[in-house]
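Here's the letter readout for the chains.
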Amino acid sequence: MAANPASNAEDLYIEGRWTPTSDRIEVTDLVEGTTFARVAAATPADAEEALSAAAEAESAMRDTTVVQRANWMTAIADGIEERKAELAEVIVREAGKPISSARGEVDAAAERFRRAAEEARQLDGDYVEGTTDGHEGWRAIVKKEPIGTILCITPYNYPLSTTALQVAPALAAGNSVILKPASKTPVSGAILAEIIVDAAPDLPDGAFGFVPGRASEIGDVLSGDDRLAGIALTGSTGAGKHVASVSGMVELHMELGGNAPAIVFPDADLDEAAGAATAGSLKYAGQRCSAVSRVLAHEDVHDDLVARIDAEMDDWHVGDLFDEETKLGPLISESQADWVEELIDDAVEQGATLVRGGDRDGRTIEPTLLADVPQDARIVDEEQFGPVVAVTTVADEEEALAVANGGDLGLDAAVFTSDYDRAMRVADRLEAGGVRINGAPSHGLGDIPFGGVKDSGIGREGIGYTIESFVETKSIVL
C-alpha cells in the first residue's frame, strides 16, 4: 500500500474544511519496517482553532434531532464497512495487528456506530408530576441535552474500534467532538474522519474536528481548555493523571492501565483456565488494558496449569501479519519491547522459571511463559503490555485476594472455579471494575460497561453508558 492511504491524511479537519499544515508525523509500517504514511501534525494554533470552532458549533449541534444524529451514525457505519479492506490493511501496518484481528476491529467499529444510533433513540426524556405537599399539580418535562464539546484522545492498540467507542456516543448525544488520535496510529483515524465528513454532510461546521499531533505540543492546549465539557481518554495511567491535572471542571471519562489477575482454584476446569489465560495474555501480543497480566494459581494446581498453558502456547506463533493463521505480531515500538524485556528479566532474576520464550528480535518478543513467579517480582504489580503469561503460586483464597488487590490498578480480573459461592465471594472482594467468571476478561461491543477503579480510570465505557455521561438533564417546570 502506498504512503498516505487516507486521501486527506496530510490535512487537519477544522471548522468544516480540510486544512493543510506543514508539519508531519511519520508512521512506521510494522510489516515492512519503512515509513507507511505521513500524517498532519497540528500546531498549538491549530488546536486553538479547533476548540473555537467546536465551541461555536455547540448551539447548532444542540438543535439537531435524534433522528438526524441516528442517521449519521448509520451512514458512518455503512462507510466503515465499505472501506473495510482498506481499514484492515491500515490497522495491520500501523498497529502491527494480524489481519484476522484487524478485520474484526473494523467490524466492531461499524457495529459501535450502529449501536450508537439505537441508543440515541432512547434519549426521549421524562414527564414528571409533583408528588409532595405543596407541589400538587406541578408538571415538569425532564429533557436530556448534550453537555458541549468532547475531546476524544484515542489509543494505539485499538485505533479504530476504541475511537468508535468514544466518538460515536459523543456525536450521537449531540456534542461537538475533537478527535486527537494516538501519534503512532493516526492513519485509521484519518480515514474515519473522511468517512464521518462524507457520511454526515449536514454536520454543523466545527462540530467535528480532526487534529492529529504530538501530545507534547498540543496535548495540554486541548486538555486544559475551559471550553471543553468532557474528555474521553483511553491510555496509560500516567497519561490519564496528567490530563486530569491540567483539565478544568469537565466530565472525565477515562479507561486507563490494567493488570488483570486470573485466579485459578483447584476445582477449576484446568483446560478451560489454561486456554482462557493463554488467549487473554497473548491476544494482540498482550497490548490490551484488559489482558490477563498475571495468573494466580493455587499451589495444588500450579504445575499442572503451567503444563497446560505451555501446550496451549504451541498454537501461538509470530508470523506474517497478512497470513490468516498468524496470531501474534510485533509490539508497537522498540521502547515497549524494552519495557517487556525488562519485566521478564526482573522476574527471572527474582527466581521465576522461564518455561518458554523470552527471546527478542527488534520490536518482537517471543511468546513467553514464566512459572513460579515470586510475588514481589515487578511483573506481578506493573502493567506489562506484552506477550507474557506470568504464573504465580498462591496458597489459598485470602492470599490470592491479597496479591490480586495489592497493586494500584483495578481494571479487570477473572476467577476460575466450579464453586458458585466461591466465585461470587471472590468477585465481590476483587478490587476491579469488571470480573469474569471462568473466562478471560471481555466486555463485548459496548453493552457491558468497561472501566476501572483505583488508578485504572474514571467512569465506564459502553455505548449507552457513555452517552449517559455525555448528556445532562434539564428540568422545565410547567
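Above: the structure in question.
A brief structural summary.

1. Overview of the sheet that holds strand 21 (residues 434-437)
Alright, step 1. Spatially, 14-17-18-13-12-20-21 is the arrangement adopted by the seven strands of the open sheet, whose pairing is mixed. The open sheet has two free edges, formed respectively by strand 14 (353-356) and strand 21, since each of these has just one partner strand. Neighbouring strand axes in the sheet, compared pairwise and without regard to direction, differ in orientation by 20° on average.
Alright, step 2. One ladder, built from three bridges, connects strand 17 (residues 368-371) with strand 18 (residues 388-394); its direction is parallel.

2. Digging into a nonpolar patch on the surface
Alright, step 1. On the surface, a cluster of nonpolar side chains totalling about 380 Å² of accessible area is made up of Tyr-127, Ile-141, Ile-476 and Leu-478.
Alright, step 2. By the element assignment, Ile-476 lies in strand 24 (residues 471-477).

3. Things to note about the packing of aromatic side chains
Alright, step 1. Taken as a whole and judged by the stated rule, the model has four aromatic pairs.
Alright, step 2. Aromatic side chains Tyr-13 and Phe-208 sit 6.3 Å apart centroid to centroid with 35° between the ring planes, which places their arrangement in the tilted category. Here the residue Tyr-13 occupies a position in strand 1 (residues 11-14), and Phe-208 occupies one in strand 9 (residues 208-210), the gap between them amounting to 195 residues.
Alright, step 3. Judged by its relative accessible area of 1%, Phe-208 is buried.
Alright, step 4. Taking 6.2 Å as the distance between ring centres and 65° as the angle between the ring planes, the aromatic pair formed by Tyr-158 and Tyr-284 counts as edge-to-face. Taken together, the residues span a long stretch of sequence, with Tyr-158 in the loop between strand 7 (149-153) and helix 5 (161-172) and Tyr-284 in the loop between helix 9 (270-282) and strand 13 (292-298) at a distance of 126 residues.
Alright, step 5. Taken together, Tyr-13, Trp-18 and Phe-208 form an aromatic cluster joined through their ring pairs.
Alright, step 6. Against the face of Tyr-284 rests Lys-97, its NZ or CZ located 4.3 Å from the ring centre.

4. Let's talk about the layout of surface pockets
Alright, step 1. Looking at the largest pocket, its volume works out to about 930 Å³.
Alright, step 2. Surrounding the largest pocket, 38 residues form its lining, Tyr-156, Thr-234, Gly-235, Ser-236 and Ala-239 being those nearest its centre.
Alright, step 3. Those elements giving two or more residues to the lining of the largest pocket turn out to be strand 7, helix 7 (215-223), strand 10 (230-234), helix 8 (237-246) and helix 11 (334-350).
Alright, step 4. Looking at the lining of the largest pocket, the element that brings in the most residues is helix 7, giving five residues.
Alright, step 5. Classifying every residue of the lining of the largest pocket by side-chain character gives 16 nonpolar, 15 polar and seven charged.
Alright, step 6. Roughly 730 Å³ of volume is contained in the second largest pocket.
Alright, step 7. Tallying contributions element by element places helix 4 (residues 99-120) first for the lining of the second largest pocket, with five residues.
Alright, step 8. The class makeup of the residues in the lining of the second largest pocket is 13 nonpolar, 13 polar and seven charged.

5. Brief notes about the state of the cysteines
Alright, step 1. Counted according to the given criterion, the structure contains zero disulfides.
Alright, step 2. Lacking any disulfide linkage, Cys-152 is separated from the closest cysteine sulfur, that of Cys-289, by 16 Å.
Alright, step 3. According to the relative accessible area criterion, Cys-152 is buried, its value standing at 0%.
Alright, step 4. A relative accessible area of 8% means that Cys-289 is categorised as buried.

6. Concerning unusual backbone geometry
Alright, step 1. The phi angle at Asp-372 is positive, at roughly 50°, despite the residue not being glycine.
Alright, step 2. Structurally, the position occupied by Asp-372 is in the loop between strand 17 and helix 12 (378-381).
Alright, step 3. The backbone phi angle of Asn-438 is positive, close to 55°, even though this residue is not glycine.
Alright, step 4. Within the secondary structure layout, Asn-438 lies in the loop between strand 21 and strand 22 (453-454).
Alright, step 5. Asn-438 gets classed as partly exposed once you look at its relative accessible area, which sits at 27%.

7. Section: the pairing of strand 11 (residues 251-255)
Alright, step 1. Burial analysis of strand 11 places four of its five residues in the buried class, the great majority of the element.
Alright, step 2. Both strand 10 and strand 11 contribute to a ladder of five bridges, which runs parallel. Looking at strand 11, one finds that Thr-234 is bridged to Glu-255.
Alright, step 3. Of the crossover connections in this fold, the one passing from strand 10 over helix 8 to the parallel strand 11 is right-handed.
Alright, step 4. Relative to strand 23 (residues 457-458), strand 11 runs antiparallel, the two sharing two bridges. Residue pairing in the sheet places Met-254 in a bridge with Ile-458 of strand 23.

8. Notes on the packing of helix 9 against helix 10 (residues 302-312)
Alright, step 1. In contact at an axis separation of 9 Å, helix 9 and helix 10 are set at 55° when each is read in the N-to-C sense. Regarding the angle of helix 9 to helix 10, the classification is oblique. Between helix 9 and helix 10 the crossing geometry is right-handed. From helix 9, Leu-270, Asp-271, Ala-273, Ala-274, Gly-275, Ala-277 and Thr-278 reach across to helix 10, where they touch Asp-304, Leu-305, Arg-308, Ile-309 and Glu-312.

9. Section: the sheet that holds strand 24
Alright, step 1. Ordered by their spatial adjacency, three strands build an open sheet running 5-6-24, and the pairing between neighbours is antiparallel. The sheet is open, and its two edges are formed by strand 5 (126-129) and strand 24, each paired on a single side. Taken over all neighbouring pairs, the strand axes of this sheet differ in orientation by 30° on average, direction set aside.
Alright, step 2. When strand 6 (residues 139-146) meets strand 24, the two strands line up antiparallel, connected through seven bridges. Across the sheet, residue Ala-140 finds its bridge partner in strand 24, namely Val-477.

10. What about helix 6 (residues 187-199)?
Alright, step 1. Taking 1.5 Å per residue, 13 residues should reach 18 Å; helix 6 reaches 18 Å between its end C-alpha atoms and fits that length.
Alright, step 2. Judged by how many residues are buried, helix 6 sits mostly within the fold: twelve of 13 residues are covered.
Alright, step 3. The complete set of buried residues in helix 6 reads Val-187, Ser-188, Gly-189, Ala-190, Ile-191, Leu-192, Ala-193, Glu-194, Ile-195, Ile-196, Val-197 and Ala-199.

11. Description of empty space enclosed by the protein
Alright, step 1. For the coordinates displayed, the defined rule picks out one cavity of 30 Å³ or more.
Alright, step 2. Of the volumes computed, that of the largest cavity is approximately 50 Å³.
Alright, step 3. Around the largest cavity, the lining comprises 13 residues; the ones closest to its centre are Pro-261, Ala-404, Leu-409, Asp-412 and Glu-431.
Alright, step 4. Residue assignment for the lining of the largest cavity shows that the elements contributing at least two residues are strand 19 (409-410) and strand 20 (412-416).
Alright, step 5. Looking at the lining of the largest cavity residue by residue, the classes come out as seven nonpolar, three polar and three charged.

Analysis parameters
- Residues numbered from 1 in each chain as written.
- Predicted model: local features only at pLDDT ≥ 70, side-chain atom pairs only at ≥ 80, totals over all residues.
- Heavy atoms only, no water.
- Pairing = 2+ DSSP bridges.
- Helix = DSSP H or I, 4+ residues; strand = E, 2+ residues; numbered from the N terminus.
- Axes fitted to C-alpha atoms, helices over the stretch in contact; angles between N-to-C directions.
- Patch = residues over 30% accessible without salt bridge, like charges linked within 9 Å, V, L, I, M, F, W, Y side chains within 5 Å.
- Areas by Shrake-Rupley, 256 points an atom, 1.4 Å probe, with all protein chains shown as cover.
- Salt bridge = Lys/Arg side-chain N within 4 Å of Asp/Glu carboxyl O.
- Phe/Tyr/Trp six-rings, centres within 6.5 Å; stacked < 30°, edge-to-face > 60°.
- Buried < 20%, exposed > 50% of the residue type's maximum accessible area, 1.4 Å probe, protein only.
- Lys NZ or Arg CZ within 6 Å of the ring centre and 35° of its normal.
- 1 Å grid on protein atoms, 1.4 Å probe; cavity = no way out; pocket = protein on both sides within 12 Å on 5 of 7 lines; lining within 4 Å.
- Points joined across faces, edges and corners; volume = space filled by probe spheres on them.
- Nonpolar A, V, L, I, M, F, W, Y, C, P; charged D, E, K, R; others polar.
- Disulfide = S-S within 2.5 Å.
- Right-handed = clockwise from strand over helix to strand, strands pointing away.
- Parallel < 35°, antiparallel > 145°, perpendicular 65-115°, else oblique.
- Left-handed = near helix turned anticlockwise from the far one by under 90°.
- Contact = heavy atoms within 4.5 Å.
- Expected span 1.5 Å × (residues − 1).

Nothing here speaks to function; it is all geometry.
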